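# A structural walkthrough
Listed here are the chains, written in short residue letters.
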Amino acid sequence: QVQLVESGGGLVQAGDSLRLSCAASGSTFSRNEMGWYRQTPGKQRELVATITSGGDSTNYANSVKGRFTISRDNAKKTMYLQMDSLKPEDTAVYYCNAAPGSYFGSWGQGTQVTVSS
């Protein structure tokens, strides 16, 4: 069973950068397409970005395209989200999991990102 631990969030100003990390346990991480998601109170969880198992292909939500970069290190069982030019509307709790349709059984606690204007 894969367990996921997100970290790296914080309080920053608009225009700043943050790098989120997702550490996974278990042996299946490297075989899964993975994704970063975010959620704000009262809204559904939103898919932010995905990356294929080998890291050769990525996709982004239009709202973050050109500002966020997803990457992974399968040897370290870790995925990253580099977030540049942050905007107040990026404020959310960020989660990692497998790509939609193949979620791991449980979600991590997430990491809070707060962007002040």
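Structure first, text after, so check above.
Here the residue numbering is sequential within each chain, running from 1 through the sequence in written order. Local features in a predicted model are, by the rule used here, given only for residues with pLDDT of at least 70; side-chain atom pairs are given and counted only at 80 or more, and totals for whole chains, interfaces and linings are based on all residues. With hydrogens and water stripped out, all remaining heavy atoms of the structure feed into the side-chain values.

Think of it this way: any DSSP run of H or I at least four residues long counts as a helix, any run of E at least two long counts as a strand, and we number them from the N terminus. Of note, N74 is situated in the loop between β7 (68–73) and β8 (78–83). Per-residue accessibility, obtained with a 1.4 Å probe over protein chains only, is compared with the maximum for each type, and a residue is labelled buried under 20%, exposed over 50%, and partly exposed between these values. Residue class for N74 comes out partly exposed when judged on its relative accessible area of 26%. Pairs of residues are marked as contacts when any of their non-hydrogen atoms sit within 4.5 Å. Excluding anything up to four places from it in sequence, N74 contacts F29, S30, S53 and G54. At 2.8 Å, the side chain of N74 forms a polar contact with the side chain of R72. Any pair of nitrogen or oxygen atoms within 3.5 Å is treated as a polar contact; in protein, a donor-acceptor pairing is required on top of that, and neighbouring residues in sequence qualify only through side-chain atoms on both sides.

This part takes up the environment of T111. Tracing the backbone through its elements, the reader meets T111 in strand β10 (residues 111–116). Looking at T111, the relative accessible area reads 9%, which means it is buried. Considering only alpha carbons, one finds T111 and R38, 73 residues apart in sequence, at a separation of 9.3 Å. Not counting chain neighbours up to four residues away, the residues in contact with T111 comprise E6, S7, G8, G9, L20, A92, V93 and Y94. A polar atom in the side chain of T111 sits 2.9 Å from the backbone nitrogen of G9.

So, on to the pattern of salt bridges. We count a salt bridge whenever a side-chain nitrogen from Lys or Arg sits within 4 Å of a carboxyl oxygen from Asp or Glu. Per the counting criterion, the structure on display carries 3 salt bridges. Residues R38 and E46 are paired through a salt bridge, measuring 2.9 Å at the closest nitrogen-oxygen approach. Residue class for R38 comes out buried when judged on its relative accessible area of 7%. You can call E46 partly exposed: its relative accessible area is 31%. For D90, the salt bridge goes to R67, with nearest N and O atoms at 2.8 Å. Taken as a pair, D90 in the loop between β8 and β9 (92–98) and R67 in the loop between β6 (58–60) and β7 lie far apart in primary sequence, 23 residues in all. Accessibility expressed as a relative area gives 11% for R67, which makes it buried. Among the charged side chains, a salt-bridge network with shared partners connects R38, E46, R67 and D90.

By themselves, these figures tell us nothing about what the structure is for.
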